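Understanding the architecture of this molecule
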Amino acid sequence: MSTSIVPIAIREWAAMLRTPSGWIVIALYLLLSGIAVAVSIQPGLPASLRQFFGASHLILLVVAPAIAMRLMSEEFRAGTIEPLMAAPISDWSIILGKYLGGVLFLLTLLAPTLVYVALLEWLSAPDYGPILAGYLGLTLLGMLYIAVGLLISSLTRSTVVALLGTLFALMLIELAAGQGSAHVADPYDRILMALSVRTRLADFAKGVIDTAHIAFFLLTSAWFICLATVATETRRWR
Amino acid sequence: MLRLDQIHKNYGAVRAVRGISLEVPRGQIVGILGPNGAGKTTTVRMIAGTLPPSRGTVAVDGFDTLAQTRQARQRIGYLPEGTPLYPEMRVASYLRYRTKLFGLPRGVQRTATERAIERCWLTEMRTRRIGTLSKGYKQRVGLASALLHSPPLLILDEPTSGLDPAQIAQTRKLMRELAGDHTMLVISHILPEVERACDRIVIISAGTIRADGSPADLIRHAAGSGTVLAVCKANPDTLAQIPGLNIKKTNKMDDGWTAFECEGESVPAETLRERIGAACAAQGTAIRELRTVGGSLEEVYIGLIEQSNRDDAEGAP
């Protein structure tokens with residue numbers, strides 16, 4: 001493993017924390033997820049974060065593109081890709097470093113939500129199994145969304161195009177799996193259903209950790225990272 | 001140190017670089033000149049390894065930039081045009097980050113950073129955010145970043161572009177200091193800068209090398225076939241008798257002086273000037289002006305570019 005991946009990841013993560021847009025994304029996520037938690041904590045209802053995980057899935061549809069939009073396109077726009085590509089590191093290391101930087105920011109975004117767990121603990125005795133599984137599912141979902149965003153970011157020098165493109169791509173996947181599967185015949189409906197992240201995340205929120213789900217998120221993320229690497233490599237040749 | 005062997009770069013149907021070959025020995029400072037769109041930056045990007053050639057090879061210190069990418073890039077310090085940097089980072093952090101990208105051992109990272117900061121006069125700016133620095137300081141950060149890993153080959157693309165005269169003087173001074181330890185490629189379209197700083201000048205136009213030599217050689221070559229202007233009180237017949245001299249134009253002035261535009265027939269302009277001077281001295285006539293027209297790098301450059309444009313218009317390679 002190239003030693004340059006870690007410095008690239010840390011620089012990327014720190015850059016997001018040094019820009020106002022990074023803090024806006026964090027604030028937006030915490031506000032919306034906080035509302036979901038506040039609504040779900042009611043007397044007589046079970047002490048769980050299922051509502052939070054369900055809402056986070058939708059919030060991440062917007063937040064993940066915002067995290068991923070500047071990963072590569074900002075480098076292209078500002079021209080900083082030039083000295084980066086002149087360094088003795090592979091395009092693969094650049095992409096992986098950028099991706100890990102995005103994932104680190106996602107974890108930073110999720111970290112304050114542990115307050116919700118502490119709140120549940122204070123109010124009652126929550127079941128930690130579904131909470132841990134839910135966080136695992138949310139992280140894996142975020143990783144997939146950021147990988148999709150990274151690919152689109154590596155195709156354009158405009159962060160706005162990267163943001164909108166990722167948003168559109170994620171919504172397309174979501175709609176194809178949710179709505180599209182009901183309108184096509186077998187076996188296409190099953191293929192489309194297999195792409196659904198909603199059902200997989202629902203399993204995590206219930207406390208079910210299925211290795212098939214984990215493999216799905218990791219492999220699809222890896223696939224998009226590979227495509228982003230290819231897109232960056234081909235950019236050199238253009 | 002650097003070898004380009006028939007490199008080509010095509011962008012679709014556009015042939016940006018058309019078979020450039022160049023060999024640069026260790027320690028030489030080479031200025032690459034050319035008009036906008038001549039292929040200078042494309043050539044430099046191919047040397048720096050950020051752009052692969054469509055055809056041909058580039059070798060840095062014997063390492064092929066495509067086959068032995070890592071080794072070749074380790075030997076290059078590159079300051080791209082416009083000095084792209086991360087504005088949110090602090091100067092020292094940025095340089096430290098670059099040492100990590102170049103794989104310098106942990107113990108060396110700090111000393112390399114400090115040395116580059118000192119060398120590029122950035123000590124007072126080390127904790128400042130790059131985005132808050134002036135253009136001149138940003139240029140220095142870019143230079144420091146290119147120097148961090150002590151590369152034998154330095155590539156500076158438009159190092160003084162957009163700087164004020166004081167900043168240009170500082171950058172030039174720094175380049176002169178660096179000259180002893182590094183082979184340098186300086187890409188610029190500021191002719192006096194290249195003429196002063198470089199041992200050798202390569203003029204590129206329409207993707208090919210149009211001239212290659214020391215500044216003095218290029219000027220001498222052009223001056224050899226140039227015109228000599230003599231403003232004196234000599235009789236035209238006196239000048240006409242000078243062997244190898246051909247008077248192109250005579251212009252009698254009101255005050256008794258005459259301006260002669262002379263050309264040499266297989267005689268260099270330098271010799272022609274000597275002969276005119278000697279003839280006037282022998283006759284005891286005064287000379288007000290005696291100089292070669294077409295003897296500056298600027299004129300050499302413009303002449304070559306115009307020739308290149310004509311060749312291009314005629315479809316010549």
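Everything here concerns the structure above.
Scope of this entry: the structure provided in the associated data block. (Residues numbered from 1 in each chain as written. Chains lettered and ligands numbered in written order. Predicted model: local features only at pLDDT ≥ 70, side-chain atom pairs only at ≥ 80, totals over all residues. Heavy atoms only, no water.)

1. Comments concerning the overall build of chain A
- When helices and strands are tallied, chain A shows 12 helices and 0 strands.
- Reading the helices (α) and strands (β) of chain A from amino to carboxyl end gives α-α-α-α-α-α-α-α-α-α-α-α.
- For 238 residues, the compact-globule estimate of 2.2 N^0.38 gives 18 Å, and chain A sits close to it at 19 Å.
- Counting only C-alpha atoms, chain A reaches 60 × 45 × 30 Å along its principal axes.
- Counting all 238 residues of chain A, 52% fall into the buried class.
- If you take every contact in chain A between residues at least 6 apart in sequence, the share linking residues at least 24 apart comes to 77%.
- Carbon and sulfur atoms provide 74% of the accessible area of chain A, an area that totals close to 10,600 Å².
- A gap of 7 Å separates the mean positions of the 14 positive and 13 negative side-chain charges of chain A. (Helix = DSSP H or I, 4+ residues; strand = E, 2+ residues; numbered from the N terminus. Rg over C-alpha atoms; globule rule 2.2 N^0.38 Å. Buried < 20%, exposed > 50% of the residue type's maximum accessible area, 1.4 Å probe, protein only. Contact = heavy atoms within 4.5 Å. Areas by Shrake-Rupley, 256 points an atom, 1.4 Å probe, with all protein chains shown as cover. Lys, Arg positive; Asp, Glu negative; His and termini not counted. Charge placed at Lys NZ, Arg CZ, Asp CG, Glu CD.)

2. Structural notes on the sheet that holds strand β11 (residues 227–232) of chain B
All names here are of chain B.
- As summarised here, the arrangement of the 4 strands in space is β12-β13-β11-β14, forming an open sheet in which the pairing is antiparallel. Of all the strands in the sheet, just β12 (245–252) and β14 (287–293) have a single pairing partner and so form its edges. Taken over all neighbouring pairs, the strand axes of this sheet differ in orientation by 20° on average, direction set aside.
- Across the sheet, helix α10 (residues 269–283) is in contact with β11, β12, β13 (258–264) and β14; its angle to β14 comes to roughly 165°. (Pairing = 2+ DSSP bridges. Axes fitted to C-alpha atoms, helices over the stretch in contact; angles between N-to-C directions.)

3. Structural notes on unusual backbone geometry
Residues and elements named next belong to chain B.
- Despite not being glycine, T83 has its phi angle at roughly 45°, a positive value.
- Mapped onto the elements of the fold, T83 is located in the loop between β6 (76–79) and α3 (91–101).
- Its relative accessible area of 9% is what places T83 among the buried residues.
- Phi is positive for A206, which is not a glycine, with a value near 50°.

4. A closer look at the side chain of A:S56
Residues and elements named next belong to chain A.
- Relative to the elements of secondary structure, S56 occurs in helix α3 (residues 50–68).
- On the accessibility criterion, S56 (0% relative accessible area) is buried.
- Once residues lying within four places of it in the same chain are set aside, the contact partners of S56 are Y29, S33 and L138.

5. With respect to the side chain of B:T183
Residue and element names in this part refer to chain B.
- Positionally, T183 belongs in strand β8 (residues 183–187).
- T183 gets classed as buried once you look at its relative accessible area, which sits at 1%.
- If we ignore the near neighbours within four places in the chain, the residues touching T183 are M1, V24, P25, R26, G27, Q28, P152, L153 and L154.

6. Here we look at the packing of aromatic side chains
Residue and element names in this part refer to chain A.
- One pass over the structure, following the stated rule, counts 9 aromatic pairs over all chains.
- Seen from their ring centres, F52 and Y135 are 6.1 Å apart, and the 55° between their planes marks the pair as tilted. Taken together, the residues F52 in helix α3 and Y135 in helix α8 (residues 128–153) connect sequence positions 83 residues apart. Y135 shares its class with F52; the two are buried. (Phe/Tyr/Trp six-rings, centres within 6.5 Å; stacked < 30°, edge-to-face > 60°.)

7. Focus on the nonpolar core
- Grouped together as the largest cluster of nonpolar side chains are 113 residues, with contacts concentrated most on A:L49, A:F52, A:I67, A:L84 and B:Y94.
- Broken down by element, the residue count for this core peaks at 14 residues, all from α8(A).
- Here A:L49 is in contact with A:V37, A:Y116, A:V117, A:L120, A:I131 and A:Y135, once residues within four sequence places are set aside.
- Grouped together as the second largest cluster of nonpolar side chains are 28 residues, B:M1, B:V30, B:V44 and B:V202 included. (Core = buried A, V, L, I, M, F, W, Y, C linked by side-chain atoms within 4.5 Å.)

8. Here's the deal with the sheet that holds strand β4 (residues 55–60) of chain B
Residues and elements named next belong to chain B.
- The strand order β2-β1-β4-β5 describes an open sheet built from 4 strands, whose pairing is antiparallel. Of all strands in the sheet, those bounded by a partner on one side alone are β2 (14–24) and β5 (63–64).
- Of the strand pairs in this sheet, strand β1 (residues 2–11) and β4 are connected by 5 bridges, and their pairing is antiparallel. Counterpart to R3 in the pairing with β4 is A59.
- Contacts between helix α1 (residues 40–48) and the sheet are confined to β1, β2 and β4, with β1 contributing the most and set at about 120° to the helix.

9. Describing the packing of α3(A) against helix α11 (residues 197–205) of chain A
Residue and element names in this part refer to chain A.
- Contact geometry of α3 with α11 gives a least axis separation of 10 Å together with a crossing angle of 155°. Overall, the two elements α3 and α11 adopt an arrangement that is roughly antiparallel. Remark: the crossing between α3 and α11 carries right-handed chirality. Here α3 contributes R50, F53, H57 and L58 to the contact with α11, which in turn contributes V197, R198, L201 and A205.
- Class assignment of the residues belonging to the contact of α3 with α11 gives a composition of 5 nonpolar, 1 polar and 2 charged. (Parallel < 35°, antiparallel > 145°, perpendicular 65-115°, else oblique. Left-handed = near helix turned anticlockwise from the far one by under 90°. Nonpolar A, V, L, I, M, F, W, Y, C, P; charged D, E, K, R; others polar.)

10. Comments concerning a nonpolar patch on the surface
All names here are of chain A.
- The grouping of L28, L31, L32, I35, V39 and V62 at the surface amounts to a nonpolar patch, some 510 Å² of accessible area in total.
- The element that contributes the greatest number of residues to the nonpolar patch is helix α2 (residues 20–40), accounting for 5 residues.
- Tracing the backbone through its elements, the reader meets I35 in helix α2. (Patch = residues over 30% accessible without salt bridge, like charges linked within 9 Å, V, L, I, M, F, W, Y side chains within 5 Å. Salt bridge = Lys/Arg side-chain N within 4 Å of Asp/Glu carboxyl O.)

11. Some thoughts on the pairing of strand β10 (residues 208–213) of chain B
Residues and elements named next belong to chain B.
- Here strand β9 (residues 200–205) runs beside β10; their pairing, made up of 5 bridges, is antiparallel. Residue pairing in the sheet places I203 in a bridge with A211 of β10.
- From the end of β9 to the start of β10, which pair antiparallel, there are 2 residues, and A206 there has a positive phi angle of about 50°.

12. Focus: the interface of chain B and chain A
- Facing the 25 residues of chain B at the interface are 21 residues of chain A.
- Linking chain B with chain A are 2 salt bridges, by the criterion used here.
- The interface formed by chain B and chain A contains 10 residue pairs in polar contact (both at pLDDT 80 or more).
- The leading source of residues in the side of chain B that touches chain A is α3(B), at 4 residues.
- The class makeup of the residues in the side of chain B that touches chain A is 14 nonpolar, 3 polar and 8 charged. (Polar contact = N/O pair within 3.5 Å; in protein donor to acceptor, adjacent residues only side chain to side chain.)

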